[in-house]
Amino acid sequence: MGTFHSDKGALHGITVVVRTTGSAVYIGRCDTQTPHAIFLNDADKHEEGQDGKTNDEYVQTAAQWGHWPRIPQVSVPASEIASVEKLAELAN
Amino acid sequence: MPYPEEMVAPMRAELADNGVEELRTADDVKNFLERNKDKNAMVIVNSVCGCAAGAARPGILLSLEGDKKPDAVGTVFAGNDTEACNYVRSLVPQAPPSSPSVYLFKQGQPVSYVPRHVFEGGYPEAVAEHLRNLYVKL
């Protein structure tokens, strides 16, 4: 029992890792993914080397503990997306 | 702003009606952990979110059907039992706020943490297996 939104797509409500074609990676709860962009809620962004961590190290930490929701909403244009993966599937 | 209590009542009941102790205040959590400081205990952060909690609650209950399980199980409700929830979260400060989530304690100390994304889009059986793998380490 709970709240469901079956019209939002398979990734709706799922915490995803969005790697970009640049140096940034985003983690957030997917709201919707369209041909034009992915829309994330309660997201965080990490740049390669930020805080002394590689993007892979940042993602592994998030896979263990979760991510800090520093950005209430963000969209990543499809042209900048390299990959979209479920965070739960990335834990070592 | 808390969710309307009539909205969360069935989600509270899904756990409480199956023997999980409701912890509404920080003192409730402190007392729960103090009473069980010589045992293993689990605190569930319950949530309205169907994407994750919809599998978490039945999965947690399924996991408790086995022989190896925490000696005591309590729950707080994210967004409603705010003080209690904040206290639980303060015990594992490296973990960002996440609901639903699960905290496991051994002799009063946190030893395992399961964040929301583990429950998302899953099936109760998978949730139960994940938790049972943690229970055997208690």
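Heads up: these notes are all about the structure in this document. (Residues numbered from 1 in each chain as written. Chains lettered and ligands numbered in written order. Predicted model: local features only at pLDDT ≥ 70, side-chain atom pairs only at ≥ 80, totals over all residues. Heavy atoms only, no water.)

The helix and strand inventory of chain B stands at five helices and five strands. Listing every helix and strand of chain B by position from the N terminus yields α-β-α-β-α-β-α-β-β-α. Its C-alpha atoms give chain B a radius of gyration of 13 Å, within 12% of the compact-globule value 14 Å for 138 residues. With respect to the principal axes defined by its C-alpha atoms, chain B has extents near 35 × 35 × 30 Å. Taken across its 138 residues, chain B has 52% of its residues classed as buried. Within chain B, contacts between residues at least 6 apart in sequence are counted, and of these 72% link residues at least 24 apart. As presented, chain B carries roughly 6100 Å² of accessible surface, and 48% of it is formed by carbon and sulfur atoms. Averaged over its 14 positive side-chain charges, chain B has a centre that lies 5 Å from the centre of its 18 negative ones. (Helix = DSSP H or I, 4+ residues; strand = E, 2+ residues; numbered from the N terminus. Rg over C-alpha atoms; globule rule 2.2 N^0.38 Å. Buried < 20%, exposed > 50% of the residue type's maximum accessible area, 1.4 Å probe, protein only. Contact = heavy atoms within 4.5 Å. Areas by Shrake-Rupley, 256 points an atom, 1.4 Å probe, with all protein chains shown as cover. Lys, Arg positive; Asp, Glu negative; His and termini not counted. Charge placed at Lys NZ, Arg CZ, Asp CG, Glu CD.)

Glancing now at the packing of helix α2 (residues 26-35) of chain B against helix α4 (residues 82-90) of chain B. Residue and element names in this part refer to chain B. At a minimum axis distance of 7 Å, the contact between α2 and α4 shows a crossing angle of 45 degrees. On the basis of their axis angle, the class for α2 and α4 is oblique. Contacts between α2 and α4 involve A26, V29 and K30 from the first element and E83, A84, Y87 and V88 from the second. When its residues are assigned to classes, the contact of α2 with α4 shows five nonpolar, no polar and two charged. (Axes fitted to C-alpha atoms, helices over the stretch in contact; angles between N-to-C directions. Parallel < 35°, antiparallel > 145°, perpendicular 65-115°, else oblique. Nonpolar A, V, L, I, M, F, W, Y, C, P; charged D, E, K, R; others polar.)

Turning to the interface of chain B and chain A, a few remarks are in order. Between chain B and chain A, the contact holds 23 residues from the first and 18 residues from the second. Between chain B and chain A, the buried area comes to about 1600 Å², and carbon and sulfur atoms account for 65% of it. Linking chain B with chain A are zero salt bridges, by the criterion used here. At the junction of chain B and chain A, the tally comes to three residue pairs in polar contact (both at pLDDT 80 or more). Those elements that provide at least two residues to the side of chain B that touches chain A are α1 (5-16) and α3 (53-63) of chain B. Among the elements that take part in the side of chain B that touches chain A, α1(B) stands out by supplying four residues, more than any other. (Buried area = accessible area lost by both parts, 1.4 Å probe. Salt bridge = Lys/Arg side-chain N within 4 Å of Asp/Glu carboxyl O. Polar contact = N/O pair within 3.5 Å; in protein donor to acceptor, adjacent residues only side chain to side chain.)

Once that is clear, we can look at the environment of A:E85. Residues and elements named next belong to chain A. Relative to the helices and strands, E85 is located in strand β5 (residues 81-86). Among the residues examined, E85 registers a relative accessible area of 30% and is labelled partly exposed. In this structure the C-alpha to C-alpha distance between E85 and I14, which are 71 residues apart in sequence, comes to 9.7 Å. With sequence-adjacent residues up to four places away left out, E85 is seen in contact with T15, V16, V17, R19 and L90.

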